[in-house]
Amino acid sequence: MATVDGRRSQLLRGVLDLCLLAVMGEGAAYGYEMTKRLRARGLSIVGEGSIYPLLGRLERDGLVETRRQASNGGPPRKYYSLSLEGKRALETGIDEWKAARDAIDGALDLATVEVMP
Amino acid sequence: MIEFIEECRREWKRLGVPDPIANEMAADLTADIEEAQAEGGSAEDVLGDSLFDPRRFAAAWAGARGVTAPSTPDPVGPSSPTERERPRWYRPAAALALAATVCFVALAAAALVVGRHGSAVAAPVSRVLQGPGSTRLFGPGRASLPLRFSMSGPSFAAPVAILMVGLLAVAIIGLCLAVLFWSPWFRRDSNRRLG
């Protein structure tokens, strides 16, 4: 039986690419900016590994487009934004997630839990 | 933090990542970490638990981007020294450590049987082994090898003492190596040194 943290970690790993696509949908962002957007929604990557390999895979798969752009007073950063393919993948992924979530909710809602003291 | 970036660079070089791409990844990483630190955070906020395994992180990133040389091994494979490439001396040293551990057990058993008479288990055995003259190991009437050996007197004591000292020396070295090779500290440190 997975621990609470372990299950949360596994769940997040399974949908972290989807979450990245979703935060990119709000506008182009560089790596750490996406980390901050995720954190603002309650998703901390600490313990989940870094998002960089995932961004690399999304880029290789053509789901994101990149460009170098100067940031606010800092060095030029690599900004990631959704490609057309990425938007389709996000749309499909959201549908899949909702379907899975509803199915799991259906199963868990049936459960009756009595914890003896 | 510079050390982490340098470790990544070394791994990218080993994997055959072209320099311009390696420079780009290093620059992105540096900028993000510096921003996190400037905001009062830490490198862990950027890297998560990858902070503790730069080689694996670097290999995973390069592999995910598809920028490693074709001849390099799977970059996102396991990174612990037990699964990835190891120094050439690792296997012999590990074997020595294992053998020494066995020697230590043998030494302890010998000390129990031969060295002390106080134990309820050791005393009868010692009486048999250290009796006058020689001892027949197998009972009479059986068609077995009549092994005979002497376990008392100066001719026995000196070789046994030398043997025990030798076993003890090998055992101490082996235990040190075993602690070194199988400790979490060594594994983490190996990840930094390999390559």
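About the thresholds
- Residues numbered from 1 in each chain as written.
- Chains lettered and ligands numbered in written order.
- Predicted model: local features only at pLDDT ≥ 70, side-chain atom pairs only at ≥ 80, totals over all residues.
- Heavy atoms only, no water.
- Helix = DSSP H or I, 4+ residues; strand = E, 2+ residues; numbered from the N terminus.
- Buried < 20%, exposed > 50% of the residue type's maximum accessible area, 1.4 Å probe, protein only.
- Contact = heavy atoms within 4.5 Å.
- Areas by Shrake-Rupley, 256 points an atom, 1.4 Å probe, with all protein chains shown as cover.
- Core = buried A, V, L, I, M, F, W, Y, C linked by side-chain atoms within 4.5 Å.

### Considering the overall build of chain A
Line of reasoning, step 1. Secondary structure summary: chain A contains four helices and two strands in total.
Line of reasoning, step 2. Reading the secondary structure of chain A in the N-to-C direction produces α-α-α-β-β-α.
Line of reasoning, step 3. Considering chain A as a whole, with its 117 residues, one finds that 36% of them fall into the buried category.
Line of reasoning, step 4. Across chain A, every contact between residues at least 6 apart in sequence was considered, and the portion connecting residues at least 24 apart equals 48%.
Line of reasoning, step 5. Accessible surface computed for chain A: about 7100 Å², of which carbon and sulfur atoms make up 55%.

### Quick look at the nonpolar core
Line of reasoning, step 1. In this structure, W12, V17, L29, L47 and F57 of chain B are the most contacted members of the largest nonpolar core, which totals 25 residues.
Line of reasoning, step 2. Looking at this core, the elements that each hand over two or more residues are helix 1 (2–14), helix 2 (19–38), helix 3 (43–47) and helix 4 (54–65) of chain B.
Line of reasoning, step 3. Among the elements that make up this core, the one with the highest residue count is helix 2 of chain B (six residues).
Line of reasoning, step 4. The residues touching L29 of chain B, leaving out its near neighbours within four places in the chain, are Y52 of chain A together with F4, I5, C8, L47, F57 and W61 of chain B.
Line of reasoning, step 5. Listed in part, the 22 residues of the second largest apolar core include L63, V64, L82 and L90 of chain A.

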